[in-house]
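# An overview of the molecular structure
Each chain, written out:
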Amino acid sequence: VTMKTLSSFLLLIIAIGTNVNALQQPRQQAIVVGSGPVGVATSLILATNHNYDVTLLESSPASSTQTKYDPTKAFLYNVNGRGQRLTKMFPEMHQRMVERSVISKGFGGTKLTIVPADPAEPIPEQKANVPAAADKEDNDDDGNDNKSMPSGEKAGNVGFWIPRHEMVKLMVEEIE
């Protein structure tokens, strides 16, 4: 191998590397309007799972951030199985949600009484609420092992009650 062949080979490698960089597509841009729960979740998914550069616009002044308690938006979210599909994409965020929320186990083990509207009708006996068949499964729809979860806490039956501002805070923490 001559020195001329070696230097030609190195120039070829440099030229190929330069052309590969030129062929890379720039990241797509997205603008999301509103920094509430849906806006922050959309931004999080676009930036992490779809490789977008995201600009999040909010009309409220910076001092009234969505992560602080606002009595006009003081309501709880029940993050059920469908909502947990989002949180489980980000395991640390999901764990923080579990720690900061109150578990909702549904009505398993309780008794329900349906009182007739007609006061002349007798009140029937209470009926036990039978847990869904999903409670007996050891895996949820995503194949996650549920053996360590207490009865009634299988993935399909557990919701997590969390204040709106805390849910936004969880997602913002994930972005940061």
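Below is a short write-up of the structure. Owing to the predicted nature of the structure, the values given are computational and were not obtained by experimental measurement.

## Overview of the nonpolar core
- In terms of nonpolar packing, the biggest core is built from 16 residues, with Leu86, Met93 and Met171 touching the most fellow members.
- Looking at this core, the elements that each hand over two or more residues are α2 (37–49), α4 (91–100), β7 (159–163) and α5 (164–175).
- Ignoring sequence-local partners within four residues, the contact set of Leu86 consists of Ala41, Ile45, Met93 and Met171.

## A look at the side chain of His94
- With respect to the secondary-structure elements, His94 resides in helix α4.
- When its relative accessible area of 14% is taken as the criterion, His94 is described as buried.
- Other than its neighbours up to four places away in sequence, His94 contacts Gln84, Thr87 and Lys88.

## Remarks on α5
- Between its terminal C-alpha atoms α5 stretches 17 Å, which fits the 16 Å expected from 12 residues at 1.5 Å a residue.
- Three or more residues of α5 are buried, namely Arg164, His165, Glu166, Met167, Val168, Leu170 and Met171.
- Along its buried surface, α5 packs onto α2, β3 (76–79), α3 (81–87), α4 and β7.

Rules of the game
Residues numbered from 1 in each chain as written. Predicted model: local features only at pLDDT ≥ 70, side-chain atom pairs only at ≥ 80, totals over all residues. Heavy atoms only, no water. Core = buried A, V, L, I, M, F, W, Y, C linked by side-chain atoms within 4.5 Å. Buried < 20%, exposed > 50% of the residue type's maximum accessible area, 1.4 Å probe, protein only. Helix = DSSP H or I, 4+ residues; strand = E, 2+ residues; numbered from the N terminus. Contact = heavy atoms within 4.5 Å. Expected span 1.5 Å × (residues − 1).

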